[in-house]
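As a plain string of letters, each chain reads:
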Amino acid sequence: MTQELWTAVDRYICDHLLPDDPALDAALRASDAAGLPSIAVTPNQGKLLALLVRIHGARRILELGTLGGYSTIWLARALPPGGSLVTLEANPGYAEVARQNIAGAGLAEIVQLRVGPALETLPVMAAEGEQFDLIFIDADKQNYPGYLEWSLKLSRPGTLIVADNIVRAGAILDADTDADVGDPRQADGVVRGVRRLYELLAAEPRLSATAIQTVGAKGHDGFALALVTDAG
Ligand code: SAH
Ligand code: DHB
Ligand code: MG
């Protein structure tokens, strides 16, 4: 019942505020057809990411976890002329689907897709001296603590770090959830990883952070937002 209501309200929001979007629809269809899991951000969440890019005036974006490129397209489209986005994906099959979706959206020129485990790519990028205005963390939740550490190395004062899936229907409240909940979304250290992220966000003097819960077509979850400040 509750989920039905959340889904219906998401539909209402999208019907009113998000015009039909052939490139995004095609990206989701192609992702489905290729058997990718349906875990992309919802359309209204994608629009939120796009608005954050524009509010922030971000010119250079890093995304961890591409999947089929759905959130990538939302983020990249919100960039100003001359802006660019790097997205990291471990699964070569997913990356190939994403590559086609990104090209189909006309974004091949401004999106760089780097295939491989993000914890291997991030040090290379840091060594290359890369720096980003906005970082969207959405890959494997177990590694969120490491992703936050590397994101800081790839940040400047003023960088906005956004992390998806930091509520998991409240599973984060239970430190023991990871023991064996029979739910693959919560198994294997996901909850531990997200809880450690909160600890790092709280302890890191260079960050000012909050988190917002969301409900909608994807259930009950949320985003963390952390601003890299000059302090610390
Ligand atoms: N941002 C996407 C959804 C990402 S789902 C969207 O909203 O449209 C999470 C993605 O992270 C999956 O595609 C998964 O393959 C990828 N992933 C998992 N482990 C990873 C790792 N170690 N490095 C990089 N990507 C990883
Ligand atoms: C999963 C991953 C996500 O990024 C998400 O938004 C929802 C679910 C998952 O791995 O189950
Ligand atoms: Mg996510």
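It should be emphasised that the depicted structure is a prediction, and the values quoted were computed from it without experimental measurement. (Residues numbered from 1 in each chain as written. Chains lettered and ligands numbered in written order. Predicted model: local features only at pLDDT ≥ 70, side-chain atom pairs only at ≥ 80, totals over all residues. Heavy atoms only, no water.)

**Student:** Explain the overall build of the protein chain here, please?
**Tutor:** Scanning the protein chain from terminus to terminus reveals eight helices and seven strands. In terms of C-alpha radius of gyration, the protein chain reaches 17 Å, essentially the compact-globule figure of 17 Å for 232 residues. In terms of its C-alpha atoms, the protein chain occupies a principal-axis envelope of roughly 45 × 45 × 30 Å. Here the protein chain holds 232 residues, and the buried ones make up 50% of them. A sequence separation of at least 24 residues applies to 70% of the contacts in the protein chain between residues at least 6 apart. (Helix = DSSP H or I, 4+ residues; strand = E, 2+ residues; numbered from the N terminus. Rg over C-alpha atoms; globule rule 2.2 N^0.38 Å. Buried < 20%, exposed > 50% of the residue type's maximum accessible area, 1.4 Å probe, protein only. Contact = heavy atoms within 4.5 Å.)

**Student:** Even after reading the chapter, I still don't get the packing of aromatic side chains, so can you show me in this structure?
**Tutor:** Ring pairs (aromatic) are described by centroid distance and by the angle formed between their planes. Here the structure, examined in full by the defined rule, presents zero aromatic pairs. Above the ring of W150, the side-chain terminus of K153 is found at 5.3 Å from the ring centroid. (Phe/Tyr/Trp six-rings, centres within 6.5 Å; stacked < 30°, edge-to-face > 60°. Lys NZ or Arg CZ within 6 Å of the ring centre and 35° of its normal.)

**Student:** In this structure, what is going on with the packing of helix 1 (residues 2-17) against helix 3 (residues 43-56)? I would like to understand it.
**Tutor:** The axes of two packed helices give the description: the angle between them and the distance between them. Interaxial distance between helix 1 and helix 3 falls to 9 Å at its minimum, and their mutual angle equals 55°. By the criterion of interaxial angle, the relationship of helix 1 to helix 3 is oblique. Two secondary-structure elements touch here, helix 1 through D10, I13, C14 and L17 and helix 3 through P43, N44 and K47. Its residues assigned to classes, the contact of helix 1 with helix 3 shows four nonpolar, one polar and two charged. (Axes fitted to C-alpha atoms, helices over the stretch in contact; angles between N-to-C directions. Parallel < 35°, antiparallel > 145°, perpendicular 65-115°, else oblique. Nonpolar A, V, L, I, M, F, W, Y, C, P; charged D, E, K, R; others polar.)

**Student:** Where do I start with the coordination of the magnesium ion (ligand 3) in this structure?
**Tutor:** Geometry sets the ideal angles at a metal, namely 109.5 degrees for four tetrahedral donors and 90 or 180 degrees for six octahedral donors. Protein coordination at the magnesium ion (ligand 3) comes from D138 (OD), D164 (OD) and N165 (OD1), with a distance range of 2.0 to 2.1 Å. The motif formed by the donor residues of the magnesium ion (ligand 3), counted along the single chain, is D-x25-D-N. Placement of the pair is D138 in the loop between strand 4 (134-137) and helix 7 (144-153) and N165 in the loop between strand 5 (160-164) and helix 8 (190-203), with a sequence separation of 27 residues. We note that D138, like N165, is buried. (Donors = N, O, S within 2.8 Å, 3.2 Å for Na, K, Ca; no water.)

**Student:** Would you mind showing me how to read the sheet that holds strand 6 (residues 207-216) here?
**Tutor:** Strand pairs in the sheet, formed through backbone hydrogen bonds, run parallel or antiparallel to each other. An order of 3-2-1-4-5-7-6 is seen for the seven strands of this open sheet, with the pairing classed as mixed. The strands lining the two open edges of the sheet, one partner per strand, are strand 3 (111-115) and strand 6. Looking at each pair of strands side by side, their axes are set apart by 15° on average, direction ignored. Relative to strand 7 (residues 219-228), strand 6 is paired through 10 bridges, and the arrangement is antiparallel. What sits directly across from G216, in strand 7, is G219. Its contacts with the sheet place helix 1 against strand 6 and strand 7, and it is angled at close to 105° to strand 6. Here helix 8 sits on the sheet in contact with strand 5, strand 6 and strand 7, set at roughly 145° to strand 6. (Pairing = 2+ DSSP bridges.)

**Student:** How do you make sense of the environment of P145 when you look at a structure like this?
**Tutor:** Tracing the sequence through the fold places P145 in helix 7. P145 gets classed as buried once you look at its relative accessible area, which sits at 14%. Each C-alpha atom, one on P145 and one on R60, is 22 Å from the other, the two residues being 85 residues apart in sequence. When near neighbours in sequence (up to four residues on either side) are disregarded, P145 contacts G193, R196, L197 and L200.

**Student:** What exactly am I supposed to notice about the site of ligand 1 here?
**Tutor:** Neighbouring residues of ligand 1: 20 residues in total, closest G65, S71, E89, A118 and D138. Between ligand 1 and G65, the relevant distance is 2.8 Å, taken from a nitrogen atom to a main-chain nitrogen or oxygen of the residue. Within the backbone of A90, one N or O atom sits 3.2 Å away from a nitrogen atom of ligand 1. When ligand 1 sits alone it has 580 Å² of accessible area, and the protein chains cover 88% of it. (Near = heavy atom within 4 Å. Polar contact = N/O pair within 3.5 Å; in protein donor to acceptor, adjacent residues only side chain to side chain. Areas by Shrake-Rupley, 256 points an atom, 1.4 Å probe, with all protein chains shown as cover.)

**Student:** Explain the site of ligand 2 to me, please; I cannot follow it from the model alone.
**Tutor:** If you check the shell around ligand 2, you find eight residues, and the closest are D138, K141, D164, N165 and K218. K218 places a polar side-chain atom, nitrogen or oxygen, 2.5 Å from an oxygen atom of ligand 2. Coverage of ligand 2 by the protein amounts to 79% of the 290 Å² it exposes when considered alone. Residues belonging to the shell around ligand 2 are distributed by class as follows: one nonpolar, one polar and six charged.

**Student:** I tried to follow unusual backbone geometry on my own but got confused; where do I start?
**Tutor:** For residues that are not glycine, phi is negative in most cases, and the peptide bond is trans in most cases. For N165, which is not glycine, the phi dihedral falls at a positive 65°. Classification of N165 by relative accessible area gives buried; the value is 7%.

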